[in-house]
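# A closer look at the structure
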Amino acid sequence: MPSAANRLKAVAREAAGCTRCPLYRHATQTVFGEGPPDAALMLVGEQPGDQEDRAGRPFVGPAGAALDRALAAAGIPRETAYITNAVKHFKNEPRGKKRLHRRPNRGEVEVCRVWLQREIALVEPRLILALGVTAAVALCGRSVVISRLRGRVIEFEDGRRGMVTAHPSAILRMPDEAARREAFLGLVKDLKAAARSAAGASA
Ligand code: URA
């Protein structure tokens, strides 16, 4: 039986050729998850952004920098978590030289769920933290309001233990420093709770 690491690599190779929805047409490449194949904590974002699309790695652009700062403040080494996205291609609208970020719709999230489910089945994390509403919808299988669910362990649609929090990019969109600080501290608190729960303690 191949190891989980090899099976993940095989799934990543399969996902690299994914044309299940039209998003691949305007993207450079599939951005698959990365991290230890036996990670206790899995973080799921929305979709790769412009920089992730070029680099082929999740959370390496501005939202990734915000996530990295929050992980460091929470005392979680990034390389201990498995980090992925609900949607594996960058949804964008070409506008001159720029590519404008577009939020994936429910159909695109649904079609792409097959890759996320396979990552989850292989990694078997003890806790999955959904970063933002797109990931939360993909994992809960229904509409969700983050502010109503955040801060506690819930059961995702597949029966796995999960938590939801705001997307790190929300910090960057806040209008002033005080609001940015508050959003940052909220993310750090949720990351700490998720890591505690993934380590076996209750959140
Ligand atoms: N935003 C996400 O949700 N995922 C990334 O990988 C980058 C930005």
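Just above, that's the structure.
These notes cover the structure that comes with them. On a predicted model such as this, the values are computed, not experimentally measured, just so you know.

Criteria and cut-off values
Residues numbered from 1 in each chain as written. Predicted model: local features only at pLDDT ≥ 70, side-chain atom pairs only at ≥ 80, totals over all residues. Heavy atoms only, no water. Helix = DSSP H or I, 4+ residues; strand = E, 2+ residues; numbered from the N terminus. Rg over C-alpha atoms; globule rule 2.2 N^0.38 Å. Buried < 20%, exposed > 50% of the residue type's maximum accessible area, 1.4 Å probe, protein only. Contact = heavy atoms within 4.5 Å. Areas by Shrake-Rupley, 256 points an atom, 1.4 Å probe, with all protein chains shown as cover. Expected span 1.5 Å × (residues − 1). Polar contact = N/O pair within 3.5 Å; in protein donor to acceptor, adjacent residues only side chain to side chain. 1 Å grid on protein atoms, 1.4 Å probe; cavity = no way out; pocket = protein on both sides within 12 Å on 5 of 7 lines; lining within 4 Å. Points joined across faces, edges and corners; volume = space filled by probe spheres on them. Nonpolar A, V, L, I, M, F, W, Y, C, P; charged D, E, K, R; others polar. Phe/Tyr/Trp six-rings, centres within 6.5 Å; stacked < 30°, edge-to-face > 60°. Lys NZ or Arg CZ within 6 Å of the ring centre and 35° of its normal. Near = heavy atom within 4 Å. Axes fitted to C-alpha atoms, helices over the stretch in contact; angles between N-to-C directions. Parallel < 35°, antiparallel > 145°, perpendicular 65-115°, else oblique.

So, about the overall build of the protein chain. Regarding its fold elements, the protein chain presents 8 helices and 7 strands. By the compact-globule yardstick of 17 Å for 203 residues, the protein chain fits well, its C-alpha radius of gyration being 16 Å. Across its three principal directions, the C-alpha atoms of the protein chain cover 50 × 40 × 30 Å. The burial tally for the protein chain puts 48% of its 203 residues in the buried class. Pairs at least 24 apart in sequence give 73% of the contacts found in the protein chain among residues at least 6 apart. Working note: accessible area of the protein chain is about 10,000 Å², and carbon and sulfur atoms make up 51% of it.

Once that is clear, we can look at helix α8 (residues 177–198). Under the 1.5 Å per step criterion, the end-to-end length of α8 is 31 Å for 22 residues, consistent within 8% with the ideal 32 Å. Among the residues making up α8, those that are buried are Ala-179, Phe-184, Gly-186, Leu-187, Val-188, Asp-190, Leu-191, Ala-193, Ala-194, Ser-197 and Ala-198. Along its buried surface, α8 packs onto β1 (41–45), α3 (62–74), β5 (127–131), β7 (161–165) and α7 (169–173). The backbone nitrogen of Ala-178 has a side-chain oxygen 3.1 Å away, supplied by the residue at the start of α8, namely Asp-176. Following α8 by one or two positions, Gly-200 adopts a phi angle in the positive range, close to 115 degrees.

This brings us to empty space enclosed by the protein. A complete count under the given rule lists 1 cavity of 30 Å³ or more for this structure. Roughly 100 Å³ of internal volume is contained in the largest cavity. Sorting elements by how many residues they give to the lining of the largest cavity places helix α4 (residues 106–123) first, with 4 residues. A breakdown of the residues in the lining of the largest cavity according to their chemical character gives 8 nonpolar, 2 polar and 3 charged.

Turning our attention to the packing of aromatic side chains. All told, the structure shown has 0 aromatic pairs when counted by the stated rule. Over the ring of Phe-32 we find Lys-88, and its NZ or CZ is 6.0 Å from the ring centre.

Moving on, we get to the site of the ligand. Residues in close proximity to the ligand include Gly-45, Glu-46, Gln-47, Pro-48, Gly-49, Glu-52, Pro-58, Phe-59, Ala-63, Asn-85 and His-167, which together make up its full environment. Phe-59 places a main-chain nitrogen or oxygen 2.8 Å from an oxygen atom of the ligand. A distance of 2.7 Å separates an oxygen atom of the ligand from a polar side-chain atom of His-167. Surface burial for the ligand is 93%, taken as the share of its 230 Å² of free accessible area covered by protein chains.

All right, on to the packing of helix α1 (residues 4–16) against α4 then. Taken N-terminus to C-terminus, the directions of α1 and α4 make an angle of 175 degrees; their axes are 10 Å apart at the nearest point. By the angle class used here, α1 and α4 are roughly antiparallel. Every residue of α4 that contacts α1 at Ala-4, Arg-7, Leu-8, Val-11, Glu-14 and Ala-15 is listed here: Trp-115, Arg-118, Glu-119, Leu-122 and Val-123. By residue class, the composition of the contact of α1 with α4 is 7 nonpolar, no polar and 4 charged.

Orientation of α4 relative to helix α5 (residues 133–140), taken along the N-to-C sense of each, is 70 degrees, at an axis distance of 9 Å. Our classification of the angle between α4 and α5 gives roughly perpendicular. Packed against α4, whose contacting residues are Arg-106, Val-109, Arg-113, Leu-116 and Ile-120, the element α5 presents Thr-134, Val-137, Ala-138 and Leu-139 at the interface. Partitioned by chemical class, the residues of the contact of α4 with α5 number 6 nonpolar, 1 polar and 2 charged.

Take it as geometry only, folks, not as evidence of what the structure does.
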